[in-house]
Protein chains: 2
Amino acid sequence: MTRLYNDPARFKDDMVEGFLAAYSRYVERVPDTSGVMRAGGPRPGKVSVIVGGGSGHYPAFCGLVGPGLADGAVIGDIFTSPSTQQAYRVGKALDGGAGVLFSYGNYAGDVMNFGLAEQRLRDEGIDCRTVLVTDDIASAPSDKPEKRRGIAGDFVVFKVAGAAAERGDSIDEVERLARKANDLTRTIGVAFAGCTFPGKDEPLFRVDPTKMELGLGIHGEPGVRTTDRLSAAELAGELVSALLAERPDGADGRAAVILNGLGATKYEELFVLWKDVVPRLREAGVELILPEVGELVTSLDMAGCSLTICWLDDELTPLWEAPADTPAFRRGSVSSAFSTGAGASTGSATSTAAVRAARERQAERRVEEASPQSREVAATVRRALDRMLEVIRENEARLGEIDAIAGDGDHGRGMVRGLTAACGAANNSTLGAGQTLRAAGEAWADSGGGSSGVLWGALLQAIGRVIGDQEVPDARTVVAALREATDAVTRLGGANVGDKTLLDALVPFVTTLDERVAAGEALGAAWRRAAEEATAAAERTRELVPKVGRARPLADKSVGNPDPGAVSLALCLTAVGEVLSGGEQA
Amino acid sequence: MTRLYNDPARFKDDMVEGFLAAYSRYVERVPDTSGVMRAGGPRPGKVSVIVGGGSGHYPAFCGLVGPGLADGAVIGDIFTSPSTQQAYRVGKALDGGAGVLFSYGNYAGDVMNFGLAEQRLRDEGIDCRTVLVTDDIASAPSDKPEKRRGIAGDFVVFKVAGAAAERGDSIDEVERLARKANDLTRTIGVAFAGCTFPGKDEPLFRVDPTKMELGLGIHGEPGVRTTDRLSAAELAGELVSALLAERPDGADGRAAVILNGLGATKYEELFVLWKDVVPRLREAGVELILPEVGELVTSLDMAGCSLTICWLDDELTPLWEAPADTPAFRRGSVSSAFSTGAGASTGSATSTAAVRAARERQAERRVEEASPQSREVAATVRRALDRMLEVIRENEARLGEIDAIAGDGDHGRGMVRGLTAACGAANNSTLGAGQTLRAAGEAWADSGGGSSGVLWGALLQAIGRVIGDQEVPDARTVVAALREATDAVTRLGGANVGDKTLLDALVPFVTTLDERVAAGEALGAAWRRAAEEATAAAERTRELVPKVGRARPLADKSVGNPDPGAVSLALCLTAVGEVLSGGEQA
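Keep in mind that what you see is a predicted model, and the values were worked out from it rather than measured.

Our next topic: the sheet that holds strand β4 (residues 72-78) of chain B. All names here are of chain B. Pairing is mixed across the open sheet formed by six strands, whose spatial order is β1-β2-β4-β3-β5-β6. If you trace the sheet from one side to the other, it starts and ends with β1 (27-29) and β6 (128-133), each paired once. Going across the sheet, the axis of each strand differs from the next one's by a mean of 25 degrees, ignoring polarity. Bridge count for β1 against strand β2 (residues 36-38) is three bridges, and the pairing is antiparallel. Following the sheet pairing, R29 is matched in β2 by V36. Contacts between helix α4 (residues 153-166) and the sheet are confined to β2, β3 (48-55), β5 (100-105) and β6, with β5 contributing the most and set at about 170 degrees to the helix. This element, helix α5 (residues 171-183), spans β3, β5 and β6 of the sheet and lies at about 10 degrees to β6.

Spelled out as structure tokens, the structure:
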């Protein structure tokens, strides 16, 4: 368990501060963020590789910042995606004119927050790209690689991207090589016991002490199967054959192999396992190139390990072998084309035409003035947000309890934090309804990190865009806005109805609202009926199984428990219904 | 707990094999040992720095072998000293003509085994020196630094010695600098929870989960005091002020500082604590030179950490800063005066006159032929050894249980292993009594490692030297031999009567034997009475508290439990008494 902390709520901030104090020879803080970057900041003309995700995985992510590896890391709370704002600011600070590559494991919250940050950076003319890491073969079948999670394979992809950027490759090349490394990387993990959060006495999840969980994710996501505890030799056999089953056509046998400890499974044990891994790989004709045995992507003090193989070729081998010098990983002696600060501009700094065009669009933007009618609608929006905050505050403890059964128990706290930020941003009587909703959405998304903040942020912003700042929206426009919002949430979250998310309440709500409005019912009355339907639908999420690939503990614990995101959405919709009906009645 | 293994008894061997497989680019096996050395073996003309101790502390010790750090590591079983034979062989293999420095933490078993190996190497003309690490301020008061244990300060001393050797310093200089580094290094640790051995379900020791143990040793040795769990800031205050209280006169403030994790206390927590350590050190005028936060000397999956400070000066600073390249620790870029194999001989290769003289003595040695009478006595010695083995086998489980209460539960198994080797070596009818005893003693000491093997080895060898291979020893000679053996064990173990060791049974035995023989009693009868006294004395060790500084768990668990070494000694003495009385009666 985690025992060293002051205020658990400040654990991440204290950790980043201590990390920076220990390794100021490597890293400095990205101003106004909890992110870190190479000492000296971006190198002009060099592609910046930015990695990140929740904390609790050290040396991923901040321990891997330095010459030959990452240029920066965006750091979220424990096992929680950093916010869009954090990712955006780190990307913005590290733009050296040659483009920015985001690379991180494939988790819903990270995909949303980094994705929105990428969009914002591109809108501002920075050539930002993304390579998701999807190495965990246990998390989805081989014909759906895009659904796989990223675990220790993160390290290989970061290493390849970092080495390519260090030698001066263009953003196109860095992206292509990182994507190729990801395509050729496979990992399978095994878990023996869960980790415990700062301030908690109980682990996030438990594994029967007489068993092991093959394929369990690094946040406790469901594994492939539970087996009795295996000997080191038997486990080596299982891990190696699972990886070899996906050996790609054309692989000549060269491979970067990592045996990664998750935290409490120590080096001596890893070496015992490695002894049995090596002959099995050699028998299959695998040639091990600079293998690593140790802790590269951890999960606090979780017990377990994973085996990663990246099939190398003539292009990837020198990038894997290339020097690197970071707080937690060093190899060889780095000589970079990009020395501190005033590095030589190598001519690889290219802004694409699309990016230049975006830069121009950005310059042309102007703020539209809101009509007096829209400002009146904005007052209703503010009342609705305030009422949502009241209701969520009343239900904060209950939402926390629901979330604690299968999650980390902070859903109620996160909703209060996000709504408080939203209400604060909305509190400006010069704004129109659309501007108010967009400001509230931005503030919500930036306030916390994780998925619920960014989803609610997208939801409010989509509604705001449809409603605009001139007309008073009629009931049909409100329905259209809600449909647009549903689409935005679906695109962003990558989930569908039935995956046990807030969509399971949102979609029935919009369907009912649409039917009632089409039947001529007044908006307030239609909304109240639709909110009742959403409440019932949220309750029905008890029967659902969460989607694999989300950062969420063992599936079976979640069954019988409603989805906290769906419950809080239904509470909010009910609160808004009260305000709308009040308006009609008044 | 430790979960990855095949046969727990082969854990160390499997671990070493896996380590060598992973890091063949750095290390190779020292032939006929479980020790490792820099790839390419010793560099002619370079001092070889050899570190070691029990395993379970990775990266200490084998992970620290490479240019700029150690030349080799001697590796014992988990938390158990390597045997004399292992240390000797690694030292012998790594002699590059310029001398060998042994450096390791101050634990009884290591001191005995490395000490005997050093003597043997010197006897053979190799200029071997030793620098004990004694950094743990919790283990003895500041006026008795020689009684302090070595913990994470190991790393600083090894680093300084390794850097000095790498730049071509003479053995005198390397020894002086390593000793100076040790004199200027202080560590204080804190423990939250014990670690679990391979094959065991219960931890080696437990800490009340609501408490922390300040000053607990890395094998669970007693700490300074138990406190309630402290916040990170409070703990930082405790650790820093304990270290600053021993700031040496003349220290100008420069310091190498290490915050070391013991295994399950992870990096994020260490950074949180570090955040609160740094300002407290800076306030006291400490200038941090390349600090390290991470796992350098662990204890399997023990939860806890330690803070180390080495006060640097103009001599030590460049050695601390110097490059190193090992599997687990890398700094800068190593350029060595000693390239692989055929390095330049720098003229620092000096053999002292004493060492040359020893080389000559060694050459002059010859084997003395035993008399027929002594060969008959040797037959009695063999019967005695065989009977001891029978008795210890019968009591193996019981001895294991006694040892498990406060130790690692392998005392019975270790005694059986050692006695089996002793009986095997004694089984040669051409040997005299002294030769038989010496051969048995050597085999016992070399069979296992740990302290009991080396103590029993020294005991038998001392008896053998006094008895010789010509005369039939009378009762007074036997008493003299036992007195000599007691002295050898006392010198080697560094313990006194009352420290809860086998001496607490051995000394009363010899006293009684002496009195009875002096009173004219026959040897067999006197021995039986003396053995009864030893049995009673072993039982009385229940009341004793073990000496601080031994690799042994919490003192309070040991009280009420007899010392397993004293119990097994009494069993052996009783067994010998049966054989001697049988002889008299026949």
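Read on for the rest.
The next point concerns the relation of the copies chain A and chain B. Between the two copies, chain A and chain B, the superposition gives an RMSD of 0.2 Å; the rotation angle is 180 degrees and the shift along the axis is 0.1 Å. Both chain copies can therefore be described as sitting about a two-fold axis. Taking the C-alpha atom as reference, chain A places A264 of chain A closest to the rotation axis, 2.5 Å from it. Looking at chain A, 100% of its interface residues are interface residues in chain B too, so the copies touch through the same face.

Let's shift gears to unusual backbone geometry. Of the consecutive residues Y58 of chain A and P59 of chain A, the connecting peptide bond is found in the cis state with omega at 10 degrees. Among the structural elements, P59 of chain A can be located in the loop between β3 (48-55) and β4 (72-78). Here the bond from A60 of chain B into F61 of chain B is cis, since omega is 10 degrees, no more than 30 degrees from zero. Its place among the elements puts F61 of chain B in the loop between β3 and β4. Backbone geometry places K500 of chain A, a non-glycine residue, at a positive phi of 65 degrees. Structurally, K500 of chain A can be placed in the loop between α15 (475-493) and α16 (503-518).

Here we come to the environment of K500 of chain B. Residue and element names in this part refer to chain B. K500 gets classed as buried once you look at its relative accessible area, which sits at 1%. In sequence terms K500 and P67 are 433 residues apart; their C-alpha atoms lie 42 Å from each other. Here T541 takes part through its backbone oxygen, which lies 3.1 Å from a polar atom of the side chain of K500. A distance of 3.0 Å separates a polar side-chain atom of K500 from the backbone oxygen of L544.

The next thing to look at is the interface of chain A and chain B. Of the residues lining the interface, 55 residues belong to chain A; the matching set on chain B comes to 55 residues. Between chain A and chain B lies a buried interface of about 4,900 Å² when both sides are counted; carbon and sulfur atoms form 59% of it. By the criterion of area lost to chain B, the three top residues of chain A are R3, L4 and E268 of chain A, representing 17% of everything that side buries. Notably, a salt bridge pairs K266 of chain B with E295 of chain A, separated by 2.8 Å at the nearest N-O pair.

Looking now at the UniProt feature "domain: DhaK" (unreviewed entry) in chain A. UniProt's feature table lists "domain: DhaK" (unreviewed entry) at residues 7-329 of chain A, given in the numbering used throughout. Taken as a whole, residues 7-329 of chain A contains 31% helix and 23% strand, while its terminal C-alpha atoms sit 30 Å from one another.

Among the nonpolar cores identified, the biggest contains 216 residues, and L235, L273 and W274 of chain A together with L235, L273 and W274 of chain B are the most heavily contacted of them. L399, C423, A440 and A534 of chain B belong to the second-largest nonpolar core, a separate cluster that totals 65 residues.

What follows concerns the environment of P31 of chain A. Of note, P31 of chain A is situated in the loop between β1 (27-29) and β2 (36-38). Note: C-alpha distance between P31 of chain A and V90 of chain A (59 residues apart in sequence) is 8.4 Å.

Because each turn of an α-helix spans 3.6 residues, side chains separated by three or four positions in sequence point in the same direction. Residues and elements named next belong to chain A. All buried positions along helix α11 (residues 396-406) are accounted for by L399, G400, I402, D403 and A406. Summarising the axial view, the buried residues of α11 lie within an arc of 165 degrees, below the 170-degree limit, and thus occupy one face. Facing away from the buried side of α11 by over 90 degrees, the exposed positions are A397 and E401.

On to the domain arrangement of chain A. Assigned domains of chain A: these are domain 1 (8-340 + 349-355) and domain 2 (369-585). For domain 1 of chain A versus domain 2 of chain A, the separation of C-alpha centres amounts to 33 Å.

Residues and elements named next belong to chain B. Turning to its location among the elements, T185 is positioned in strand β7 (residues 185-193). Exposure remark for T185: the relative accessible area of 2% places this residue in the buried category. Polar side-chain contacts of T185 include one of 2.5 Å to the backbone oxygen of A181.

So, on to empty space enclosed by the protein. If a probe the size of a water molecule is rolled over the atoms, the empty space left behind becomes visible. Applying the stated rule across the entire model yields seven cavities of 30 Å³ or more. Quantified by volume, the second largest cavity comes out at close to 560 Å³. Taken together, 26 residues line the second largest cavity, and the ones lying closest to its centre are Y267 and A328 of chain A together with Y267, E295 and A328 of chain B. Listing elements by their share of the lining of the second largest cavity, those giving two or more residues are β12 (292-294) of chain A together with β12 (292-294) of chain B. Considering only residue class, the lining of the second largest cavity consists of 18 nonpolar, two polar and six charged.

What follows covers helix α12 (residues 411-426) of chain B. Over its 16 residues, α12 of chain B runs 22 Å from end to end, which matches the ideal 22 Å to within 8%, given 1.5 Å per residue. Every buried residue belonging to α12 of chain B is among H411, G412, G414, M415, V416, G418, L419, A422, C423 and A426 of chain B, and all of these are buried.

Turning to the packing of helix α16 (residues 503-518) of chain B against helix α17 (residues 523-540) of chain B, a few remarks are in order. Residues and elements named next belong to chain B. The N-to-C vectors of α16 and α17 enclose an angle of 150 degrees; their axes lie 8 Å apart at closest approach. For the element pair α16 / α17, the angle class is roughly antiparallel. The two elements α16 and α17 meet at a crossing, and its hand is right-handed. Taken together, the residues of α17 that come into contact with α16 (itself represented by D504, A505, P508, F509, T512, L513, R516 and V517) are L523, A526, W527, R529, A530, A531, E533, A534, A537 and A538. Its residues placed into classes, the contact of α16 with α17 shows 13 nonpolar, one polar and four charged.

Another point: the pattern of salt bridges. Here the structure, examined in full by the defined rule, presents 83 salt bridges over all chains. Note that R38 of chain A and D71 of chain A form a salt bridge whose closest N and O atoms lie 3.5 Å from each other. One end of the pair, R38 of chain A, is in strand β2; the other, D71 of chain A, is in the loop between β3 and β4, with 33 residues separating them in the sequence. Both residues of the pair, R38 of chain A and D71 of chain A, count as buried. R387 of chain B serves as the salt-bridge partner of E578 of chain B, at 2.7 Å between the closest nitrogen and oxygen. Of the two residues, E578 of chain B is situated in helix α19 (residues 564-585) and R387 of chain B in helix α10 (residues 372-394); the sequence distance between them amounts to 191 residues. Overlapping salt bridges bring together R122, D127, R129, D172, E175 and R179 of chain A as one network.

Moving on: the sheet that holds β2 of chain A. All names here are of chain A. One open sheet accounts for six strands, arranged β1-β2-β4-β3-β5-β6; its pairing is mixed. Either end of the sheet is taken by a strand with one partner, and the two such strands are β1 and β6 (128-133). This sheet shows a mean twist of 25 degrees between the axes of neighbouring strands, independent of strand direction.

Reading the values: the criteria
Residues numbered from 1 in each chain as written. Chains lettered and ligands numbered in written order. Predicted model: local features only at pLDDT ≥ 70, side-chain atom pairs only at ≥ 80, totals over all residues. Heavy atoms only, no water. Pairing = 2+ DSSP bridges. Helix = DSSP H or I, 4+ residues; strand = E, 2+ residues; numbered from the N terminus. Axes fitted to C-alpha atoms, helices over the stretch in contact; angles between N-to-C directions. Contact = heavy atoms within 4.5 Å. Least-squares fit on C-alpha atoms with pLDDT ≥ 70 in both. Buried < 20%, exposed > 50% of the residue type's maximum accessible area, 1.4 Å probe, protein only. Polar contact = N/O pair within 3.5 Å; in protein donor to acceptor, adjacent residues only side chain to side chain. Buried area = accessible area lost by both parts, 1.4 Å probe. Salt bridge = Lys/Arg side-chain N within 4 Å of Asp/Glu carboxyl O. UniProt positions renumbered as here; feature names shortened; annotations may be inferred. Core = buried A, V, L, I, M, F, W, Y, C linked by side-chain atoms within 4.5 Å. Arc of directions from axis to C-beta. Domains from an automatic or database assignment. 1 Å grid on protein atoms, 1.4 Å probe; cavity = no way out; pocket = protein on both sides within 12 Å on 5 of 7 lines; lining within 4 Å. Points joined across faces, edges and corners; volume = space filled by probe spheres on them. Nonpolar A, V, L, I, M, F, W, Y, C, P; charged D, E, K, R; others polar. Expected span 1.5 Å × (residues − 1). Parallel < 35°, antiparallel > 145°, perpendicular 65-115°, else oblique. Left-handed = near helix turned anticlockwise from the far one by under 90°.

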